Amino acid sequence: MKEKFQIEIKEANGKLGVMLPGLGAVSTTVIAGVMAIQKGIGKPIGSLTQMGRIRLGKRDEKRNPLISEVVPLSNLEDIQFAAWDIFEDNAYDAAVKAGVLEKVLVDQLKDELSKIKPMKAVFEKNWVKRLDGTFVKKAATKYDLCEMLREDIRNFKAQNNLDRVVMIWSASTEIYQEYDPVYATKESFIKGMKENHPAIAPSMLYAWAAISEGVPYANGAPNLSADMPAMYEFADEMNVPLAGKDFKTGQTLMKTILAPGLKARMLGLDGWFSTNILGNRDGEVLDDPDNFKTKEVSKLSVLEHVLQPDIYPDLYKDLYHKIRINYYPPRRDNKESWDNIDIFGWLGYPMQIKVNFLCRDSILAAPIVLDLALFLDLAGRSGFKGIQEWMSFYFKSPIHAPNLYPEHDVFIQLMKLKNTLRVMAGEEEITHLGLDYYM
Ligand SMILES: NC(=O)c1ccc[n+]([C@@H]2O[C@H](COP(=O)([O-])OP(=O)(O)OC[C@H]3O[C@@H](n4cnc5c(N)ncnc54)[C@H](O)[C@@H]3O)[C@@H](O)[C@H]2O)c1
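Residues numbered from 1 in each chain as written. Predicted model: local features only at pLDDT ≥ 70, side-chain atom pairs only at ≥ 80, totals over all residues.

**Let's talk about the domain arrangement of the protein chain**
Interface extent is often summarised as the accessible area lost during association of the parts.
Then comes step 1: Examined at the domain level, the protein chain breaks down into domain 1 (16-247 + 363-424) and domain 2 (250-358).
Then comes step 2: Relative to domain 2, the C-alpha centre of domain 1 lies at a distance of 25 Å.
Then comes step 3: Listed by partner, the interface residues are 27 residues for domain 1 and 28 residues for domain 2.
Then comes step 4: Of the residues in the side of domain 1 that touches domain 2, the class split is 13 nonpolar, seven polar and seven charged. (Domains from an automatic or database assignment. Contact = placed C-beta atoms within 7 Å. Nonpolar A, V, L, I, M, F, W, Y, C, P; charged D, E, K, R; others polar.)

Next up, the structure:
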């Protein structure tokens, strides 16, 4: 018999600060959304923490409470947002520019949104070539810049009388970066910051600042940020939860819903061609080949791990997987994606599936940011530290223990997330076994 975990969770007393590097489409959609929900002019559709229920016990017990009734989560009215950006626009102006939410809605929130003014960012143009930052911090070394971010965190906490803070990277995708020895240990990383090592990106400085201040950190973009041994080591030492990378929205969400279903029925795949058009600032940044490469690697890894061609060679070893993203300004945040999926069945007979998803990227991302903020905070209050694989559900490239492969199947991810919540609540895990019916 497995020993039962005893998890003591501190109550969610006081206010929770949610700090967002990047005040663009995603950030303003989540901030305005939370305000609208509090005013009763919108519903938190897409958010597990706000709408999700969880089955407890056996099916005939009929216990299906809200997740928020089972684990202590912060209330929306206790959340206070802050952001950094390379442009000085406040959250109202940034939301209007992003154009995700209708202006009539944003105007109803103008007073509150205008109060959220970004702090100066840590930014280097060579990591995001398509943007020219004007509102940026200056210091002699990356170490000093990191110290300035730490000071921002402390000031935000003190000035708003916050009990706890979490941070979620919602800024632009940085250019592709391979593993570098500077990421190996805490010592090498600190030395690297002091010597302005070129492989240390701004997103890494935000992550390091968060961990240094005991602030749980998640990365919503595909760039490395906290995904390196030095950060895992430091997060463990500081008892800080980490999660990432790359919010799972749009096309990849569809992929991780469809691919496990096809695999479950032992249907084969010859090819999966995915193309997108989008016209927001994210699309403009991703129009640069080096930034696109970061996104491409993140999106490509999904099928490989879901389908496991090494153990199902007859079905998946010859899969041709191609992804394109095209910047097309007229479409703004309303991305359109097309997937052509070449599958085969019994005796190898070919079939095709076409998916045309007219989605709204930030509308899908906003509830993820809210859930991550609340779950990261819950993890912190539960004494969890290091990589939080139970939050893989929300990411395209889940960070994972170095000796394990990432879990991409959205249904396994959901089971892991819910079982983690059950265990936190002192309830039994659900295995869906039910052997007592047949024996
Ligand atoms: N919207 C989605 O569905 C989705 C899904 C997965 C990942 N993402 C990622 O989330 C991030 C945000 O997406 P978005 O649509 O809001 O993009 P966006 O371009 O609208 O916003 C990003 C903001 O970050 C700012 N920025 C850039 N570098 C910065 C830095 N170093 N520090 C502080 N601010 C900085 C930019 O000025 C911009 O305002 C992107 O990396 C995107 O790839 C988005």
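There's plenty left to go through after this.
**Section: the site of the ligand**
Then comes step 1: The immediate surroundings of the ligand are formed by 34 residues, with Gly 22, Gly 24, Ala 121, Ala 221 and Arg 281 found nearest.
Then comes step 2: Going through the elements one at a time, helix H1 (25-38), strand E2 (79-85), helix H12 (281-286) and helix H15 (361-381) are the ones with two or more residues in the shell around the ligand.
Then comes step 3: Of the residues forming the shell around the ligand, the biggest block, four residues, is contributed by H15.
Then comes step 4: Split by domain, the shell around the ligand shows at least three residues from each of two domains, domain 1 (16-247 + 363-424) and domain 2 (250-358). (Near = placed C-beta within 6 Å. Helix = DSSP H or I, 4+ residues; strand = E, 2+ residues; numbered from the N terminus.)

**Remarks on the packing of helix H7 (residues 142-159) against helix H9 (residues 202-212)**
Then comes step 1: At a closest axis distance of 9 Å, the pairing of H7 and H9 adopts a crossing angle of 50 degrees. Considering the angle they form, H7 stands oblique to H9. Relative to H9, the crossing made by H7 is right-handed. Across from Lys 142, Leu 145, Cys 146, Leu 149, Arg 150 and Ile 153 in H7, the residues of H9 making contact are Leu 205, Tyr 206, Trp 208, Ala 209 and Ser 212.
Then comes step 2: Residues belonging to the contact of H7 with H9 are distributed by class as follows: eight nonpolar, one polar and two charged. (Axes fitted to C-alpha atoms, helices over the stretch in contact; angles between N-to-C directions. Parallel < 35°, antiparallel > 145°, perpendicular 65-115°, else oblique. Left-handed = near helix turned anticlockwise from the far one by under 90°.)

**Points about the pairing of E2**
Then comes step 1: Extensive coverage of E2 is indicated by the burial of six of its seven residues.
Then comes step 2: The pairing of strand E1 (residues 16-21) with E2 spans six bridges and is parallel. By the bridge assignment for E2, Leu 16 is matched with Ile 79.
Then comes step 3: One ladder, built from two bridges, connects E2 with strand E3 (residues 119-120); its direction is parallel. Note on E3: the bridge partner recorded for Asp 85 is Lys 120. (Buried ≥ 20, exposed ≤ 12 C-beta atoms within 10 Å, placed from the backbone. Pairing = 2+ DSSP bridges.)

**Considering the sheet that holds strand E6 (residues 241-244)**
Then comes step 1: Spatial strand order, E3-E2-E1-E4-E5-E6-E11: seven strands in an open sheet with parallel pairing. Each end of this open sheet is capped by a strand with a single partner; those strands are E3 and strand E11 (386-387).

**Here we look at H1**
Then comes step 1: Here H1 spans 20 Å end to end across 14 residues, near enough to the 20 Å set by a 1.5 Å rise per residue.
Then comes step 2: In terms of burial, H1 is largely enclosed, as 11 of its 14 residues are buried.
Then comes step 3: Positive backbone phi, approximately 80 degrees, marks Gly 40, located one or two places after H1. (Expected span 1.5 Å × (residues − 1).)

**Thoughts on the nonpolar core**
Then comes step 1: Leu 205, Tyr 217, Met 231, Val 369 and Leu 372 are the most contacted members of the largest nonpolar core, which has 110 residues in total.
Then comes step 2: Here this core takes 12 residues from H15, the largest share from any one element.
Then comes step 3: The residue makeup of this core includes at least three contributed by each of domain 1 (16-247 + 363-424) and domain 2 (250-358).
Then comes step 4: Ignoring anything within four residues of it in the chain, the contact list for Met 231 reads Ala 207, Ile 211, Ala 226 and Leu 242.
Then comes step 5: Of all hydrophobic cores here, the second largest spans nine residues; its members include Leu 269, Val 302, Leu 307 and Leu 315. (Core = buried A, V, L, I, M, F, W, Y, C linked by C-beta atoms within 7 Å.)

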